[in-house]
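An overview of the molecular structure
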Amino acid sequence: MAFGRCLSIYIAITATAADGSSVSSEAFEVTVYPVAQSVQIYTEQNGRWLNRSNTTFQWDMSTALQNTMNLDARVFPRYGEGSEFDAIQSVTWKSSAPKVADFRKDVNGNCILSDDGNMILDVYKTGTTTITVTAADGSGQKATFKLNVIKTVTSLTIANQTVLSGKSINLNKVITINPNDATNKKLTWTIISGSEYATISNGNFKAKKVTETKTVEVKVASQDGGASTTFYVTITP
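So, here's what we can say about the structure. All figures in this text were calculated on a predicted structure; none of them were measured in a lab.

1. A few points about unusual backbone geometry
Following Phe76, the chain continues to Pro77 via a peptide bond in cis, the omega torsion being 10°. Tracing the sequence through the fold places Pro77 in the loop between strand E6 (68-76) and strand E7 (91-95). The amide bond that connects Asn178 to the next residue, Pro179, takes the cis arrangement and shows omega of -5°. Within the secondary structure, Pro179 sits in the loop between strand E15 (176-178) and strand E16 (187-193). You will see that Asn54, though not glycine, has its phi angle at about 60°, which is positive. By the element assignment, Asn54 lies in the loop between strand E4 (48-51) and strand E5 (56-60). A positive phi angle, close to 55°, is found at Asn202, a residue other than glycine.

2. As for the nonpolar core
Looking at soluble globular proteins, one finds that nonpolar side chains tend to be buried together. Ranked by size, the top nonpolar core spans 25 residues in total, and within it Trp59, Met69, Leu71, Trp93, Leu121, Val123 and Leu147 carry the most contacts. Elements supplying a minimum of two residues to this core: strand E3 (38-45), E5, E6, strand E8 (101-103), strand E9 (119-123), strand E10 (127-135) and strand E11 (142-150). The residues touching Leu121, leaving out its near neighbours within four places in the chain, are Asn67, Thr68, Met69, Leu71, Ala101, Asp102, Phe103, Ile131 and Leu147.

3. A look at the side chain of Ser114
As for its placement among the helices and strands, Ser114 is situated in the loop between E8 and E9. Ser114 has contacts with Asn70 and Ile120, leaving out every residue within four places of it along the chain.

4. Examining the pairing of E4
Bridge analysis of E3 against E4 gives four bridges, and the strand direction is antiparallel. From the neighbouring strand, Tyr42 faces E4, where its bridge partner is Asn51. The turn linking E3 back onto E4 is made up of two residues, and Asn46 within it adopts a positive phi angle of 55°.

5. Description of the packing of aromatic side chains
In this description, a pair of aromatic rings is defined by centroid distance and the angle of the planes. If you walk through the whole model with that rule in mind, you get three aromatic pairs. Judged by centre distance (6.3 Å) and plane angle (70°), the rings of Phe57 and Trp59 are edge-to-face. For the residue pair Phe57 and Trp59, the accessibility class agrees, reading buried in each case.

Thresholds applied
Residues numbered from 1 in each chain as written. Predicted model: local features only at pLDDT ≥ 70, side-chain atom pairs only at ≥ 80, totals over all residues. Heavy atoms only, no water. Helix = DSSP H or I, 4+ residues; strand = E, 2+ residues; numbered from the N terminus. Core = buried A, V, L, I, M, F, W, Y, C linked by side-chain atoms within 4.5 Å. Buried < 20%, exposed > 50% of the residue type's maximum accessible area, 1.4 Å probe, protein only. Contact = heavy atoms within 4.5 Å. Pairing = 2+ DSSP bridges. Phe/Tyr/Trp six-rings, centres within 6.5 Å; stacked < 30°, edge-to-face > 60°.

Here's what the structure looks like:
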């Protein structure tokens, strides 16, 4: 997008008495900046700054090294550091669901900045919040992005099982999903070998009739792609 270049203007103002005495104040300067035409939000990821404006960004608390992120805002027109054509870069920030994620503050409620002068967003729990940044010049220009915080499954634990010929076992009752508060705890069950001796559907294992001991290998995987494991079910006559 091209912006018309509106130069920052310095105006000298002097107050003079109207009684004819010619008494006047010392002059002072007022700087008039270009009005903001747009705002963009950036997040830092692996040392790179990515434009997140008007997007949905997913944050996985299970895999994040730390549950914080650095944010920056850019107000346009913006031509370069200290350019006289730049709009004022001051902005205000807001999280629509501060219990999910909110900006780091000190005991007095003032935002704490990173060493580089960027905003720090702390992520607290799963859920969704909308981050809004608004230009502080009164223009009403703003940008938003939706932060979707999840927890993927990190591990599945299940012991080998034994079931009688022709009987069933609900494997959902004997598996442990970590973390317990994972966002999506749905599982996919598959027989790897021994399908001629059993069937499985939604974790319900049904053994067929056998006259001698048989072993069935089963794989279970989280539907979010976070974890999987295999185990064995022994069918006894």
